[in-house]
Amino acid sequence: MVEEAPIRAGTGEQGELFPDSSLPDELVGYRGPAACQIAGITYRQLDYWARTGLVNPTIRSAHGSGSQRLYSFKDILVLKVVKRLLDTGVSLQNIRVAVDHLRQRGVQDLARITLFSDGTTVYECTSPEEVVDLLQGGQGVFGIAVSGAMREISGTIHEFPAERADGLEVDEAPGNDELSRRRRTRAIG
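Attention in this report is confined to the structure presented alongside it. (Residues numbered from 1 in each chain as written. Predicted model: local features only at pLDDT ≥ 70, side-chain atom pairs only at ≥ 80, totals over all residues. Heavy atoms only, no water.)

1. So, the overall build of the chain
When helices and strands are tallied, the chain shows eight helices and seven strands. Burial analysis of the chain (189 residues in total) assigns 40% to the buried set. In the chain, of all internal contacts separated by at least 6 residues, the share reaching a separation of at least 24 is 69%. For the chain, the accessible area works out to roughly 10300 Å², and carbon and sulfur atoms hold 49% of it. (Helix = DSSP H or I, 4+ residues; strand = E, 2+ residues; numbered from the N terminus. Buried < 20%, exposed > 50% of the residue type's maximum accessible area, 1.4 Å probe, protein only. Contact = heavy atoms within 4.5 Å. Areas by Shrake-Rupley, 256 points an atom, 1.4 Å probe, with all protein chains shown as cover.)

Below, the structure written as structure tokens:
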């Protein structure tokens with residue numbers, strides 16, 4: 001169950017994570033193997049989550065043999081959050097509810113929240129005051145700062161090959177010199 005907290009602006013609100021518009025274009029996506037490496041999951045998990053509708057690729061889904069799913073930055077962020085919730089013991093049923101809630105948010109909104117859980121319920125917090133309120137219940141909780149996951153992904157996502165859904169060339173990011181390309185090719189296999 002996800003408890004939705006009111007969004008409050010003010011001193012407790014986290015600052016913008018990507019003020020310089022460094023998020024990938026919404027048509028830029030990453031194939032399954034790259035999405036797995038970025039999110040820290042296995043291909044088997046990715047495939048199962050896509051087939052069961054837990055995390056579907058929003059740029060391009062697979063249609064028949066030989067087609068490739070294409071995952072957006074937000075999809076990979078949700079994959080990483082799902083992995084962290086699973087690692088801490090939250091049930092897949094409760095994770096599905098949390099993911100449905102996250103899907104309704106934009107990437108910039110996600111940067112402002114932290115997810116907390118007592119192992120059963122998943123809570124959303126957008127200010128330090130809400131964290132205190134949750135802890136007064138006496139139960140142990142853990143937190144997943146979505147902005148931290150976003151920073152991790154944005155730091156590594158440029159190391160993987162991307163493609164655009166519309167077929168145009170992906171703008172080369174800084175650090176795409178020949179040495180960087182060779183390192184990526186060697187890392188991906």
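2. Observations concerning the pairing of strand S5 (residues 122-125)
Of the two faces of S5, the one holding Val122 and Glu124 and the one holding Tyr123 and Cys125 are both buried throughout. Across four bridges, strand S4 (residues 114-117) lies against S5 in antiparallel orientation. The residue of S5 that forms the bridge with Phe116 is Tyr123. Here S4 hands over to S5 after four residues, with Gly119 in that stretch at a positive phi of 95 degrees. (Pairing = 2+ DSSP bridges.)

3. A short note on the sheet that holds strand S7 (residues 163-164)
The strand order S3-S2-S7 describes an open sheet built from three strands, whose pairing is antiparallel. At either end of the open sheet lies a strand with only one pairing partner, and these are strand S3 (70-71) and S7. Two strands pair when backbone bridges link them, and strand S2 (residues 28-31) and S7 are joined in this way by two bridges, in the antiparallel orientation. Looking at S7, one finds that Val28 is bridged to Arg164. Sitting on the sheet, helix H1 (residues 32-39) is in contact with S2 and S3, with an inclination near 90 degrees to S2. (Axes fitted to C-alpha atoms, helices over the stretch in contact; angles between N-to-C directions.)

4. Focus on the side chain of Asp75
Relative to the helices and strands, Asp75 is located in helix H3 (residues 73-87). For Asp75, a relative accessible area of 5% gives the class buried. A distance of 2.8 Å separates a polar atom in the side chain of Asp75 from the backbone nitrogen of Thr58. Setting aside anything within four residues of it in sequence, one finds Asp75 in contact with Val55, Asn56, Pro57, Thr58, Ile59 and Leu70. (Polar contact = N/O pair within 3.5 Å; in protein donor to acceptor, adjacent residues only side chain to side chain.)

5. Quick notes on the pattern of salt bridges
Inspection of the entire model under this criterion finds eight salt bridges. Ionic pairing is found between Glu163 and Arg31, a salt bridge with its closest N-O pair at 2.5 Å. On the criterion of sequence distance, the pair formed by Glu163 in strand S7 and Arg31 in strand S2 is long-range, its members being 132 residues apart. When the shortest N-O distance is used, the salt bridge between Arg69 and Asp47 registers 2.9 Å. With a gap of 22 residues between them, Arg69 in the loop between helix H2 (43-51) and S3 and Asp47 in helix H2 connect regions that are remote in the sequence. (Salt bridge = Lys/Arg side-chain N within 4 Å of Asp/Glu carboxyl O.)

These figures capture arrangement, not role.
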